[in-house]
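Coordinates in review
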Amino acid sequence: LKLDGRPLVFVLGGPGSGKGTQCAIIREQYCLSHLSVGDLLRAEVSSGSDLGTTINGYIKDGQIVPMEVTLRLVKQAIDRDVSGSHGFLIDGFPREIGQAVDWERKMCIPSLVLFYDCPLSLLEQRLLKRGETSGRADDNLESIKKRFRTFQETSMPVVEYYKALGKVAEISSDATVAEVLHKTQDALAQYLP
Ligand code: UP5
Ligand code: MG
C-alpha cells in the first residue's frame, strides 16, 4: 500500500454535511489526495458493470455497500495515486464499526477524523436542493430518509468509536462554507503543516 507513512484523515458526517465541499478546497491547500468513496462507487455504477447495478441498489436504498467492494475500490485508488500528495482524505468511509476495525487491521490507523455535524432538517433542505440538478439516484426524499436512518443507526457509532480514541475533530457545518473551512483548517493544522 502506497501510504508511505503519509497522514490519512477520515472525513465523516451525515448525508449532505459538506464532506465533499470541504475536501475539494483543502485538498488543494494542503496538497492531499481526496478519495470520495461515494464517488468511487458511483463511477462503478456509471461503468455499467453488473457490480455497478448491484451497487446502485444499495445507494438508492441508503444502505451500506459490502466492505469487500469498497475496500477494493479504495485500495485501488490509493495504489493508482501518482500525485505524490502529502496525505489522504478518505471521504465518507468507514460507515460502520466493522469497516473501521477491518481498515485498521489491514491498512492503518487514521491520523485524524473530521466529523461534520449538522441538524438533519438542514441536511434535508440542502440535499433536496442539490437533487434538482445533481442527477444522484439518492437525492430524493425517500432515499434521503433512508440515508439518515443508516447514518444515525450504523455510521454514528463509528464517530463515537473514534471519539473514545481521542481522534475526532467535531465541526459544526451549520454555517457558511467559509466558516466551516476555517474550523477545518484549525483542526488540520497540527497534522498537516
Ligand atoms: N453545502 C455544503 N456545505 C454547505 C454549507 N456550509 N452551507 C450551505 N450549503 C452547503 O454538500 C451537500 C450539499 O450542500 C451541496 O449542494 C453543497 O453545495 C451544499 P456536499 O459537500 O456534497 O456534502 P457531502 O457530505 O459530501 O454529501 P453526500 O451527499 O456526498 O454525503 P453522503 O454521505 O450521503 O454520500 P456519499 O457519496 O458519501 O455516499 C453515498 C452512498 O454510497 C451511501 O449512502 C452508501 O449507500 C454508499 N457508500 C457506501 O456504501 N460505503 C461507503 O464507504 C461510502 C458510500
Ligand atoms: Mg460527498
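On a predicted model such as this, the values are computed, not experimentally measured, just so you know.

Some remarks on the site of ligand 1
Around ligand 1 there are 30 residues in total, and Thr21, Gln63, Val65, Arg95 and Arg130 lie nearest to it. Measuring from an oxygen atom of ligand 1, one finds a side-chain N or O atom of Arg42 at 2.9 Å. Within the contact set of ligand 1, a nitrogen atom lies 3.2 Å away from a side-chain nitrogen or oxygen of Arg126. In the complex, 86% of the free accessible area of ligand 1, which totals 1000 Å², lies under the protein chains. Put simply, ligand 1 lies in the largest pocket. Tallying contributions element by element places helix α2 (residues 37-46) first for the shell around ligand 1, with four residues. Tallied by class, residues from the shell around ligand 1 come to 11 nonpolar, 11 polar and eight charged.

Quick notes on helix α7 (residues 141-164)
Across its 24 residues, α7 extends 33 Å between first and last C-alpha, which sits within 8% of the 34 Å expected from 1.5 Å per residue. At Ser155, α7 is deflected by roughly 40°, the largest bend along its length, and proline Pro157 occurs up to four residues later in sequence. Listed in full, the buried residues belonging to α7 are Ser143, Ile144, Arg147, Phe148, Thr150, Phe151, Ser155, Met156, Val158, Val159 and Tyr162. The secondary structure elements touched by the buried residues of α7 are β1 (8-13), α3 (50-60), α5 (97-106), β4 (112-117), α6 (120-131) and β5 (168-172).

Each value, and the rule that gives it
Residues numbered from 1 in each chain as written. Chains lettered and ligands numbered in written order. Predicted model: local features only at pLDDT ≥ 70, side-chain atom pairs only at ≥ 80, totals over all residues. Heavy atoms only, no water. Near = heavy atom within 4 Å. Polar contact = N/O pair within 3.5 Å; in protein donor to acceptor, adjacent residues only side chain to side chain. Areas by Shrake-Rupley, 256 points an atom, 1.4 Å probe, with all protein chains shown as cover. 1 Å grid on protein atoms, 1.4 Å probe; cavity = no way out; pocket = protein on both sides within 12 Å on 5 of 7 lines; lining within 4 Å. Sits in = over half its atoms within 2 Å of the grid points. Helix = DSSP H or I, 4+ residues; strand = E, 2+ residues; numbered from the N terminus. Nonpolar A, V, L, I, M, F, W, Y, C, P; charged D, E, K, R; others polar. Expected span 1.5 Å × (residues − 1). Bend = angle between axes of the 7 residues up to and from the residue. Buried < 20%, exposed > 50% of the residue type's maximum accessible area, 1.4 Å probe, protein only. Contact = heavy atoms within 4.5 Å.

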